[in-house]
Amino acid sequence: MIFNPEYECMERDKMRELQSRRLVETVKTCYEKSPFYRKKMDEIGVKPEDIKSIDDIHKLPFTTKIDLRDEYPFGLQVVPQSEVVRIHASSGTTGKPVVATYTKHDLDVWSEGVARVMSAGGVTKDDIVQVSYGYGLFTGGLGAHDGALKIGATQLPTSSGNTKKQIMLMKDFGTTALCCTPSYAMHIAEAIESSHTLSLDDMKLKVGFFGAEPWSNGMRKTIEKRLRLKAIDIYGLTEISGPGVGGECECQDGIHIWEDFFYPEIINPETLQPVPEGEFGELVFTTLCKEAMPILRYRTRDLTRIRYEKCKCGRTAARIDRIFGRSDDMLIIRGVNVFPSQIETCLTEFPAFQPYYFITVDRINHEDSFEIKVELRPEFYVTPPEKQLVYVNPLYKRIVSVTGIKPSIKVVPPMTLERSEGKAKHVLDMRKYDD
Ligand code: ADP
Ligand code: ZN
């Protein structure tokens, strides 16, 4: 179902008019109320009057994660604290977290974005939506929660963790929609498979909304099979709002971006120039109706491409490809660019392997080492290692052909790789600690 056809299916020229009006307003507010943006615009000699339509967006300065950290906590806020009803922060594994603040209207926009994705996935007020994203400062939990509320579905706010209980409630309450990271969805699938008392036959799962970390199409197929549901990709980031900046529709052919709220651009991360439609690059967003913390041209570091043709579902909202990685996740090993998601894709092509992996890169005798720890599914696990070669050799060949470099593959016993309840960690780059 289409939650808001007026906007999701708006004619493209009408959409551009709307975006133009909203951009002009946003830029005016930023210049008048934000010393940060006034300084940035003054530095490059751009005045609000120079921005007459969305076609002028390239004149505006970029905003980066470093800017947001420098302005910690509330430097980018343009409304008085009394207007702010919620504060979130992204994980910020290094340094200070990135903070986002929201007015009541901002929360409405955010939850509508999530509701649009959930509706596209078939959720109605008759569904029970289990929110197994973490609740707290992380936007995943409350974001999915408010989206389900907007539709009038029944929310089941389990948060992440305590997997056995999650599964028990899933069965007893008849959960029909599951929201969590793809890593956690796999973990839940595996816990159901290894349970002696519960099976998927006891479950009513229909659809899952998975996101917050890169995942491959192979992983999607694995999850769909192992949880017997339709897996919908939901995308977003705290800086721009939270989950639901966009999401897949029932066609599962690209992530629709809710362009009436967030204006997407794809740029070449080196030249910072826009790339032609359909080419890969870095995704950049400008918020078009955010009140508390409007953001101009935010460099997400997420890599994808964009298409504007109308989707089979009837929506005209632009579609991005699923994110295949963040520029800062990219490893350069022996001079070759490798994305962790490539390893995941390879693994999901071989049913004997679990889709779990852990990459360690180091520099030994002036050469990069590239070790990938993988797990065989319990029913395929054999020792000694020579007996595993029948599984490892084809995987090795596939990884060499996909990445162009030779890994050392190490099979570890079942259930040894860490299972994640949130965003999974896949890489340890020891070279960072050398010198
Ligand atoms: P953090 O930067 O701490 O991870 P967020 O929780 O705001 O903070 O995460 C946003 C980021 O998560 C995005 O910029 C993107 O890299 C990743 N992400 C979110 N949803 C998806 C998705 N569906 N597919 C791939 N990556 C995603
Ligand atoms: Zn569609």
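Our subject is the structure listed above.
If you're wondering where the values come from, they're calculated on a predicted model, not measured in any experiment.

**Student:** Can you explain the site of ligand 1? Please cite residues and give values.
**Tutor:** In the vicinity of ligand 1 there are 20 residues, among which Ser-91, Asp-233, Ile-234, Thr-238 and Asp-302 approach most closely. Measuring from an oxygen atom of ligand 1, one finds a side-chain N or O atom of Thr-238 at 2.5 Å. Look at ligand 1: alone it shows 570 Å² of surface, and the protein chains cover 95% of it. Ranked by residues supplied to the shell around ligand 1, first place goes to strand 7 (residues 230–236) with 4 residues. Per-class residue counts for the shell around ligand 1 are 7 nonpolar, 6 polar and 7 charged.

**Student:** Kindly report on the packing of helix 10 (residues 340–348) against helix 11 (residues 385–403), identifying the contributing residues and their values.
**Tutor:** Between two packed helices, what matters for the description is the angle formed by their axes and the separation of those axes. Close contact between helix 10 and helix 11 brings their axes to 10 Å; oriented N to C, the two are set at 140°. By the angle class used here, helix 10 and helix 11 are oblique. Considering the relative orientation of helix 10 and helix 11, their crossing is right-handed. Residues Gln-342, Ile-343, Cys-346 and Leu-347 of helix 10 lie in contact with helix 11, whose contacting residues are Leu-395, Arg-398, Ile-399, Val-402 and Thr-403. By residue class, the composition of the contact of helix 10 with helix 11 is 6 nonpolar, 2 polar and 1 charged.

**Student:** Report on the pattern of salt bridges, specifying residues and quantitative values.
**Tutor:** Enumeration according to the criterion identifies 39 salt bridges in this entry. Overlapping salt bridges bring together Glu-8, Glu-112, Arg-116, Glu-250, Asp-260 and Arg-315 as one network.

**Student:** Any details on the coordination of the zinc ion (ligand 2)? Residues and values, ideally.
**Tutor:** Each donor-metal-donor angle would ideally measure 109.5 degrees in four-coordinate tetrahedral geometry, or 90 or 180 degrees in six-coordinate octahedral geometry. For the zinc ion (ligand 2), the full set of protein donor atoms is Cys-249 (SG), His-256 (NE2), Cys-311 (SG) and Cys-313 (SG), and the range of their distances to it is 2.1 to 2.3 Å. Taken together, the 4 donor atoms coordinating the zinc ion (ligand 2) and their angles of 100 to 115° define a geometry best described as tetrahedral. One chain supplies every donor for the zinc ion (ligand 2), spaced along it as C-x6-H-x54-C-x1-C. Of the two residues, His-256 sits in strand 9 (residues 255–257) while Cys-313 sits in the loop between strand 13 (306–307) and strand 14 (319–320), which places them 57 residues apart along the sequence.

**Student:** I'd like a rundown of the pairing of strand 19 (residues 367–376), residues and numbers included.
**Tutor:** Across 9 bridges, strand 18 (residues 353–364) lies against strand 19 in antiparallel orientation. In the sheet register, Ile-364 faces strand 19, and the bridge partner there is Glu-367. Remark: 2 residues form the turn of the hairpin made by strand 18 and strand 19, two consecutive strands paired antiparallel; Asn-365 in that turn has positive phi of roughly 50°. Regarding topology, helix 11 serves as the crossover connection from strand 19 to the parallel strand 20 (residues 408–412), and that connection is right-handed.

**Student:** Account for the sheet that holds strand 19, naming residues and giving values.
**Tutor:** Within a sheet, neighbouring strands are paired by backbone hydrogen bonds and run either parallel or antiparallel to one another. Reading across the sheet, the 4 strands line up as 20-19-18-21 and stay open at both edges, with mixed pairing between neighbours. At either end of the open sheet lies a strand with only one pairing partner, and these are strand 20 and strand 21 (427–429). On average, each strand axis in the sheet is tilted by 20° relative to the strand beside it, whichever way the strands run. Across 5 bridges, the pairing between strand 19 and strand 20 is parallel. Of the residues in strand 20, the one forming a bridge with Glu-371 is Ser-408. Relative to strand 20, helix 11 is tilted by about 140°, and along the sheet it contacts strand 18, strand 19 and strand 20.

**Student:** Can you tell me about the nonpolar core, naming the residues and giving the values?
**Tutor:** Met-118, Val-123, Val-129, Phe-209, Tyr-235 and Phe-285 are the most contacted members of the largest nonpolar core, which totals 63 residues. When residues of this core are assigned to their parent elements, the largest contribution, 7 residues, is made by helix 5 (residues 104–120). Membership of the second largest hydrophobic core comes to 24 residues, among which are Leu-205, Met-219, Leu-227 and Leu-417.

**Student:** I'd like a description of the packing of helix 7 (residues 163–173) against helix 8 (residues 182–193), backed by residues and values.
**Tutor:** Packing of helix 7 against helix 8 brings their axes to within 10 Å, and their N-to-C directions diverge by 75°. As judged from the angle between their axes, helix 7 and helix 8 are roughly perpendicular. Every residue of helix 8 that contacts helix 7 at Thr-163, Gln-166, Ile-167 and Met-170 is listed here: Tyr-184, His-187, Ile-188, Ala-191 and Ile-192.

**Student:** Tell me about helix 7, and please be specific about residues and values.
**Tutor:** All of the buried residues in helix 7 are Thr-163, Gln-166, Ile-167, Leu-169 and Met-170. The buried residues of helix 7 occupy an angular sector of 165° when the element is viewed end-on, so they sit on one face. Along its buried surface, helix 7 packs onto strand 3 (128–131), strand 5 (177–180) and helix 8. Looking at the residues trailing helix 7, positive phi occurs at Gly-174, about 75°.

**Student:** For the packing of aromatic side chains, give the residues involved together with the corresponding values.
**Tutor:** For the structure on display, the rule yields 9 aromatic pairs. On the basis of an interplanar angle of 20° and a centroid distance of 5.0 Å, the ring pair of Tyr-102 and Trp-110 is categorised as stacked. For Trp-110, a relative accessible area of 2% gives the class buried. Look at Phe-280 and Phe-324: their rings are 5.6 Å apart centre to centre, the planes differ by 80°, and that puts the pair in the edge-to-face class. One end of the pair, Phe-280, is in the loop between strand 10 (262–267) and strand 11 (281–287); the other, Phe-324, is in the loop between strand 14 and strand 15 (325–326), and 44 residues separate them in sequence. Looking at Phe-280, the relative accessible area reads 43%, which means it is partly exposed. Clustering of aromatic rings is evident, with ring pairs tying together Phe-280, Phe-324 and Phe-339. Cation over ring: Lys-290 sits above Tyr-102, and NZ or CZ is 4.9 Å from the ring centre. If you follow Arg-322 out to its NZ or CZ, it ends over the ring of Trp-215, 4.4 Å from the centre.

The rules behind the values
- Residues numbered from 1 in each chain as written.
- Chains lettered and ligands numbered in written order.
- Predicted model: local features only at pLDDT ≥ 70, side-chain atom pairs only at ≥ 80, totals over all residues.
- Heavy atoms only, no water.
- Near = heavy atom within 4 Å.
- Polar contact = N/O pair within 3.5 Å; in protein donor to acceptor, adjacent residues only side chain to side chain.
- Areas by Shrake-Rupley, 256 points an atom, 1.4 Å probe, with all protein chains shown as cover.
- Helix = DSSP H or I, 4+ residues; strand = E, 2+ residues; numbered from the N terminus.
- Nonpolar A, V, L, I, M, F, W, Y, C, P; charged D, E, K, R; others polar.
- Axes fitted to C-alpha atoms, helices over the stretch in contact; angles between N-to-C directions.
- Parallel < 35°, antiparallel > 145°, perpendicular 65-115°, else oblique.
- Left-handed = near helix turned anticlockwise from the far one by under 90°.
- Contact = heavy atoms within 4.5 Å.
- Salt bridge = Lys/Arg side-chain N within 4 Å of Asp/Glu carboxyl O.
- Donors = N, O, S within 2.8 Å, 3.2 Å for Na, K, Ca; no water.
- Tetrahedral: all angles 85-135°; square planar, octahedral: opposite > 155°, others 65-115°.
- Pairing = 2+ DSSP bridges.
- Right-handed = clockwise from strand over helix to strand, strands pointing away.
- Core = buried A, V, L, I, M, F, W, Y, C linked by side-chain atoms within 4.5 Å.
- Buried < 20%, exposed > 50% of the residue type's maximum accessible area, 1.4 Å probe, protein only.
- Arc of directions from axis to C-beta.
- Phe/Tyr/Trp six-rings, centres within 6.5 Å; stacked < 30°, edge-to-face > 60°.
- Lys NZ or Arg CZ within 6 Å of the ring centre and 35° of its normal.

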